[in-house]
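Next come the chains, spelled out residue by residue.
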Amino acid sequence: MINLHIAPQEDHSKISHRLVVGGIGLFISFLIATLVLTFPRFFLFNPMAEGDPVRAIELTISSIGWILLLVGPAVILMRYASGHSNLVRFLPIVAVVWPISLISSHITLFLQKGTWYTGYLIQYPIFVLTDILLPVFLIYMWDVLRPRNPNVGPRGATGAKGETGSTGATGASGAAGPRGAKGETGAKGSSGKK
């Protein structure tokens, strides 16, 4: 267990930040698990039992999508909480497989049957959270947590600890002119005349 009382103030805020991020990942995974257990017929089925091969592939990808959404946030964000940010790059994949598979499935059903099967979003508003808001939130989390250029801090701050970056390059000196006078620096440096 981490003892926050003996950690220096800077480390305390880093540790607290990481613990909150890990807790968010666990919460998201528990939310999806609760949703799967609440609506098992919506999630637990054999996608290959579908007669249409296009629908079978879409339903298989959809099943992979909700499993990624179930396991991914907890694994990725708990790994981040333990001090390793290498899995954060997979967060967008975890976030978008499920909603993209749903959109594809809805479009296919509309083309095949002429009806939109999106009424479940109104009948069960929890799916608005899981199908739309949660993927957007995970993309936002990825944008905040992803590793950045070492010279640029999080969210665009400059320097490793917020110090200003290096200054811009100076102009080159001008070449010597026909009389041998020294050229000026900067944009006028090419002629060398005074």
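Sequence order as written defines the numbering, with residues in each chain counted from 1. With pLDDT at 70 or above as the cut-off, local features in this predicted model cover only qualifying residues; side-chain atom pairs require 80 or more to be listed or tallied, and sums for whole chains, interfaces and linings still use all residues. The side-chain quantities take in all heavy atoms of the structure and omit both hydrogens and water.

### Structural notes on the layout of surface pockets
If a probe as big as a water molecule is rolled over the atoms, it shows which places are left empty.
Moving on, step 1. What the second largest pocket holds in volume is close to 360 Å³.
Moving on, step 2. Lining the second largest pocket are 13 residues, and of these F42, F45, R55, L59 and S105 sit closest to its centre.
Moving on, step 3. The set of elements that each furnish at least two residues to the lining of the second largest pocket consists of α2 (40-43), α3 (53-81) and α4 (91-113).
Moving on, step 4. Top element by residues in the lining of the second largest pocket is α4. It accounts for 5 residues.
Moving on, step 5. Charged means Asp, Glu, Lys or Arg here, nonpolar means Ala, Val, Leu, Ile, Met, Phe, Trp, Tyr, Cys or Pro, and polar covers whatever is left, Gly included. For the lining of the second largest pocket, the per-class residue count stands at 8 nonpolar, 3 polar and 2 charged. The way it works is a 1 Å grid over only the protein atoms, where trapped points that fit a 1.4 Å probe form a cavity and open points with protein on both sides within 12 Å along at least five of seven lines form a pocket, and then any residue with an atom within 4 Å of a point lines it. Grid points are joined across faces, edges and corners, and a volume is the space filled by probe spheres set on the points. To qualify as a helix, a DSSP run of H or I must reach at least 4 residues; to qualify as a strand, a run of E must reach at least 2; elements of each kind are numbered from the N terminus.

### Re a nonpolar patch on the surface
Moving on, step 1. Patch construction takes residues with relative accessible area above 30% that form no salt bridge. Like charges are linked within 9 Å, and nonpolar side chains (Val, Leu, Ile, Met, Phe, Trp, Tyr) are linked within 5 Å. Each accessible area value is a Shrake-Rupley result obtained with a 1.4 Å probe; residue values ignore everything except the protein chains displayed when judging cover. We define a salt bridge as a side-chain nitrogen of Lys or Arg found within 4 Å of a carboxyl oxygen belonging to Asp or Glu. On the surface, I103, I107, F110, L111 and W116 cluster together into a nonpolar patch covering about 520 Å² of accessible area.
Moving on, step 2. With respect to the helices, strands and loops of the structure, I103 is situated in helix α4.

### Describing the confidence of the model for the protein
Moving on, step 1. Mean pLDDT for the protein: 79, with 70% of residues reaching 70 or above.
Moving on, step 2. The pLDDT value tells you how sure the predictor is about a given residue, anywhere from 0 up to 100. Whether two residues touch is decided by their heavy atoms; if any such pair falls within 4.5 Å, the residues are in contact. Long-range and interchain partners of residues 156-160, a stretch whose pLDDT sits below 50, account for 9 contacts in this model, where long-range means more than four residues apart.

### A word on the environment of S29
Moving on, step 1. Take S29: it is sitting in helix α1 (residues 9-38).
Moving on, step 2. For the pair S29 and L68, spaced 39 residues apart in sequence, the C-alpha separation works out to 9.5 Å.
Moving on, step 3. From its side chain, S29 meets the backbone oxygen of L70 in a polar contact 2.7 Å long.
Moving on, step 4. From its side chain, S29 meets the backbone nitrogen of A74 in a polar contact 3.1 Å long. For this analysis, a polar contact is any N or O atom pair within 3.5 Å, provided that within protein one partner can donate a hydrogen and the other can accept it, and provided that sequence-adjacent residues contribute only side-chain to side-chain pairs.

### Digging into the packing of aromatic side chains
Moving on, step 1. Pairing of aromatic side chains requires ring centres within 6.5 Å, counting the rings of Phe and Tyr and the six-membered ring of Trp. Pairs whose planes differ by under 30 degrees are stacked, by over 60 edge-to-face, and all others tilted. Per the stated rule, a full pass over the model turns up 11 aromatic pairs.
Moving on, step 2. With a centroid separation of 5.1 Å and 80° between ring planes, the pair formed by F42 and F43 is classed as edge-to-face.
Moving on, step 3. Burial classes follow relative accessibility: with a 1.4 Å probe on protein chains only, a residue under 20% of its type's maximum area counts as buried, one over 50% as exposed, and anything between as partly exposed. Since its relative accessible area comes to 4%, F43 is described here as buried.
Moving on, step 4. Judged by centre distance (5.0 Å) and plane angle (50°), the ring pair of F42 and F127 falls under tilted. Residue F42 is found in helix α2, and its partner F127 is found in helix α6 (residues 126-145); the two are separated by 85 residues along the sequence.
Moving on, step 5. The partly exposed category is assigned to F42, whose relative accessible area is 34%.
Moving on, step 6. Every member of this aromatic cluster is reached through a ring pair, and the members are F39, F42, F43, W66, W98, Y120, Y124 and F127.
Moving on, step 7. In our convention, an over-ring charge means Lys NZ or Arg CZ found within 6 Å of a ring centre and within 35 degrees of that ring's normal. When the ring centre of Y80 is taken as origin, the NZ or CZ atom of R18, which lies over that ring, is 4.5 Å away.

### A short note on the pattern of salt bridges
Moving on, step 1. On inspection of all chains with the given rule, the structure shows 2 salt bridges.
Moving on, step 2. Measuring nitrogen to oxygen at the nearest pair gives 3.6 Å for the salt bridge that ties E58 to R55. Of this pair, E58 and R55 both sit in helix α3, separated by 3 residues, roughly a single helical turn.
Moving on, step 3. The exposure class of E58 is buried, given its relative accessible area of 9%.
Moving on, step 4. Between D143 and R146 there is a salt bridge, with its nearest N and O atoms 3.3 Å apart.
Moving on, step 5. Accessibility expressed as a relative area gives 23% for D143, which makes it partly exposed.

### So, the nonpolar core
Moving on, step 1. Of all hydrophobic cores here, the largest spans 23 residues; its most connected members are F43, L69, L77, L138 and L145.
Moving on, step 2. Listing elements by their share of this core, those giving two or more residues are α1, α3, α4 and α6. Residues enter a nonpolar core if they are buried and are Ala, Val, Leu, Ile, Met, Phe, Trp, Tyr or Cys, with the set joined through side-chain atoms within 4.5 Å.

### What to know about α6
One turn of an α-helix holds 3.6 residues; hence residues three or four places apart share an orientation.
Moving on, step 1. Between its first and last C-alpha atoms α6 spans 26 Å; for 20 residues at 1.5 Å apiece the expected length is 28 Å, and the two agree.
Moving on, step 2. Note on bend: the value at a residue is the angle between axes fitted to the seven residues ending there and to the seven starting there. Within α6, the axis deviates most sharply at L133, by approximately 40°, and proline P135 lies no more than four positions further along.
Moving on, step 3. Considered for burial, the residues of α6 that qualify are F127, T130, D131, L134, P135, L138, M141 and L145. To estimate the expected span of a helix, subtract one from its residue number and multiply by 1.5 Å.

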